[in-house]
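Listed below, chain by chain, are the residues.
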Amino acid sequence: MAKENLTPQQQAVVENRGGTLLVSAAAGSGKTKVLVDRVIRRVTLEGKDIHQFLIITFTNAAAAELRGKIAAALTKAIAAEPGNRHLARQLNLLQLSQISTVHAFCGTLIRQYGYQLEVPPDHRLMEDSERQELLDRVLDALLEEKYQTLEPDFLLLMDTLGAGRSDSSLRELILKLYDKVLSQPYPRKWLRSVQTAIPTDTELTETIWGSLLVDHAREQLSMLEKRFAWAVSAMEGDEKLAKKYYPAYVGHLEAIRRMLPALDGPWDGIAGRLQMDYPAVSVKQYEDQMFLDEIKAVRSDGKAILTELQQIFSRSAEELIREQNDTAPALDCLLELASELDKRFSAEKRRKNRIDFSDQEHLAIRLLVHPESGRPTDIALEVRQRFAEIMVDEYQDSNQVQETIFRAISAGGDVNRFLVGDVKQSIYGFRQAEPQLFLEKYHQFAPAEAAADPEPRKLILSRNFRSRPEILDAVNHTFQTVMSPQVGDIEYGSDQRLYPGLDSYPAANGPCVELHVLELAKLPPDSDETKYQREARWAANRIAELLESHMLIRDGEDMRPVRPGDIAILFRAGDPIAIYGRALRQAG
């Protein structure tokens, strides 16, 4: 594919207009290119100015890189039309354009309008380490007061949720709740809305707790249904297994299928509806022992899972509701601690004339949205006029706070947004990211070709331009096995698969995906080599082999031999990386 060419998928993303556009962009599908091309097309063909685009990225480095790519694209466009004064003007306007993280954008709003919130103009943004140190001090003082008074609800909280020889678990619980609170557009309002007690006449399956447990049971039974269906299908026609195994497993499958609709009934009685008989089965001298072990594992795993589910539903709804209500004062105390921590921490930041990243977002919401009605403020309406389009990169890592900001400044509430991301890459939970925002739009938005203006629409970029087809086959095989609506909240179907975008790779000399298993347990008894040293030595030798083979890799439109900088070793946090460094140096 020539550098200037776009695939039909990419072209559709660049050209589509008429409403908010969600782009599900798989890894390596050229999402940055289409974002840049979309901006340049609107500047060159539609007469827009570059500073009319608000472009939100995930990191400062990504923002700088994107600004550089837009500048390069503008320079190229100017070279093609040297007399175009509109294009020449865009390079100057690029310095005024808002290409930044959401926090930097919020900071700009606060500097412009902070006087309306009485935010001192000389305030300073806190670094994460400084913020954590101050937050810890405030929490220490708060807990010390609670230990002095030892109110009954606090004692109950310590006994039920803060058990342990130290208060570390209680501290962790408060801080986790506080992080959750800060991911809400209106934190204190959200805290007041949380209900901990359950009315005694409530059907337990209709509560948050009960419905979660029923959903868990349904997922487990659905998984068992698939496994027993596989076992039944795999045994069909097997004479040795036909006498006992096959009919027993058919019975198990039918029993599981009866259990699934039984979960729709009331809580009391669910445990009794999860019963299954286990007739004795055996076979002698079966040739394929590994296959037989797989068949046996289906039943043994099923028995263990059903036993666990029966225990979950064994207690009566009345008993559980009473227990929940007995502990409700402890939960209320926890909520009050989070609320008090927020008030004291905010007061301490004001005293020091500091704000943090979360403050930036919540101050921006106060500037842009009326808290009671949820309607945009005059400031929001003014900001809307500045932007022809609001473009959000890595949208799968946004949260409700950021969503509230984006909607407030979007024309018509939500008609001129360009949202690009990939829910499959939302693995970090960074700053309380909520991938469900992406998924809700993905499931609700119509395909772009079927959407009328100004309806929201979606497009999919599924062609990968980074990897060989063999690599993509391995990725697809892995994820279609493990990713489902229950695991990952999305079906890994045809729209989620990665498709090769390049077909010009030379034939591979060996396998493109390898799995090497090192039997570390079989190290010689007299060896003083640790497992990390063994793995590091193996990795260093394998890298040396790759370099000596002069394996060809893609570099732009050309191919060249592999270099050390093309190879990566990935570690878990805490692994002894220095051992690998020594092994690599020893291998040259």
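Along each chain, residue indices are assigned from 1 in the same order as the chain's sequence is written. In keeping with the model being predicted, local features are shown solely for residues with a pLDDT of at least 70 and side-chain atom pairs are shown and tallied solely at 80 or more, while totals for entire chains, interfaces and linings include all residues. Side-chain numbers here rest on the full set of heavy atoms in the structure, without hydrogens or water.

Chemist: Lay out the nonpolar core in plain terms, naming residues and giving numbers.
Modeler: What we call a nonpolar core is a set of buried Ala, Val, Leu, Ile, Met, Phe, Trp, Tyr and Cys residues that are connected through their side-chain atoms within 4.5 Å. Accessibility here uses a 1.4 Å probe with only protein chains present; expressed as a share of the type maximum, an area under 20% marks a residue as buried, one over 50% as exposed, and anything in between as partly exposed. Ranked by size, the top nonpolar core spans 44 residues in total, and within it Phe105, Leu109, Leu368 and Val383 carry the most contacts. Going along the chain from the N terminus, every DSSP run of H or I of four or more residues is numbered as a helix, and every run of E of two or more is numbered as a strand. For this core, the secondary-structure elements that each account for two or more residues are β2 (53-57), α5 (102-113), α15 (357-368), α16 (378-384), β6 (389-392), α17 (400-408) and α18 (436-444). Here this core gets six residues from one element, more than from any other, and that element is α5. Judged by nonpolar contacts, the second largest core, of 38 residues, contains Leu221, Val232, Ala255 and Phe291.

Chemist: Summarise the environment of Arg42; cite the residues concerned and give the values.
Modeler: If you trace the backbone, Arg42 turns up in helix α2 (residues 31-46). Residue Arg42 is classed as buried on the basis of its relative accessible area, which comes to 10%. Remark: the alpha-carbon pair of Arg42 and Asp288, spanning 246 residues in sequence, is separated by 64 Å. The residues touching Arg42, leaving out its near neighbours within four places in the chain, are Arg17, Gly47, Lys48, Phe53, Ala388 and Glu389. In this description, contact between two residues means that some pair of their heavy atoms is separated by no more than 4.5 Å.

Chemist: Could you give me a rundown of the pattern of salt bridges, with the residues and numbers involved?
Modeler: The rule for a salt bridge is simple: a side-chain nitrogen of Lys or Arg has to be within 4 Å of a carboxyl oxygen of Asp or Glu. Applying the stated criterion across every chain, the model contains 42 salt bridges. The salt bridge involving Glu389 is made with Arg38; its shortest N-O contact spans 2.8 Å. Of this pair, Glu389 sits in strand β6 while Arg38 sits in helix α2; the two residues are 351 residues apart in sequence, bridging distant segments of the chain. The buried category is assigned to Glu389, whose relative accessible area is 4%. Owing to a relative accessible area of 2%, Arg38 belongs among the buried residues under this scheme. Linking Asp356 and Arg131 is a salt bridge whose minimum nitrogen-to-oxygen distance equals 2.8 Å.

Chemist: Please set out the packing of aromatic side chains residue by residue, giving values where relevant.
Modeler: Pairing of aromatic rings covers Phe, Tyr and Trp, the last through its six-membered ring, and needs centres within 6.5 Å; plane angles under 30 degrees mean stacked, over 60 mean edge-to-face, and all others mean tilted. The full count for this structure, using the stated rule, is 11 aromatic pairs. Judged by centre distance (5.5 Å) and plane angle (65°), the ring pair of Tyr147 and Phe154 falls under edge-to-face. For a ring to carry a charge above it, either NZ of a lysine or CZ of an arginine must fall within 6 Å of the ring centroid while also lying within 35 degrees of the normal to the ring plane. Here Lys458 stacks its cationic end above the ring of Tyr442, 4.2 Å away from the centre of that ring. A cation sits over an aromatic face here: Lys531 above Tyr532, 5.2 Å from the ring centre.

Chemist: Can you explain the sheet that holds strand β3 (residues 98-101)? Please cite residues and give values.
Modeler: Two strands qualify as a pair provided DSSP detects at least 2 bridges between them. The strand order β3-β2-β6-β7-β1-β9-β8 describes an open sheet built from seven strands, whose pairing is parallel. Each edge of the open sheet is held by one strand with a lone partner, namely β3 and β8 (446-447). Pairing of β2 with β6, which is carried by four bridges, proceeds in the parallel orientation. Across the sheet, residue Phe53 finds its bridge partner in β6, namely Glu389. Axis definition: a line fit to C-alpha positions, over the contact stretch in the case of helices; interaxial angles, taken between N-to-C directions, run 0 to 180 degrees. Against the sheet, α5 contacts β2 and β3, and its axis sits at roughly 115° relative to β3.

Chemist: Give a description of the packing of helix α6 (residues 128-149) against helix α8 (residues 168-182) that names residues and reports values.
Modeler: Following both chains from N to C, one finds α6 and α8 inclined at 120°, their axes separated by 12 Å at the closest point. One finds that α6 runs oblique with respect to α8. Handedness of the α6/α8 crossing: right-handed. Between α6 and α8, the contacting residues are Arg131, Leu135, Asp136, Leu139, Asp140, Leu143 and Tyr147 on the first element and Leu170, Arg171, Ile174, Leu175, Tyr178 and Leu182 on the second. Following the grouping adopted for this structure description, the nonpolar residues are Ala, Val, Leu, Ile, Met, Phe, Trp, Tyr, Cys and Pro, the charged ones are Asp, Glu, Lys and Arg, and the polar ones are all others, Gly among them. Grouping the amino acids of the contact of α6 with α8 by side-chain chemistry returns nine nonpolar, no polar and four charged. By definition in this entry, angles of less than 35 degrees are roughly parallel, angles greater than 145 are roughly antiparallel, angles of 65 to 115 are roughly perpendicular, and the rest are oblique. Each helix crossing is assigned a hand: it is left-handed if the near helix lies turned anticlockwise from the far helix by less than a right angle, otherwise right-handed if that turn is clockwise.

So, to be careful, I would describe these as geometric facts and stop short of saying anything about function.
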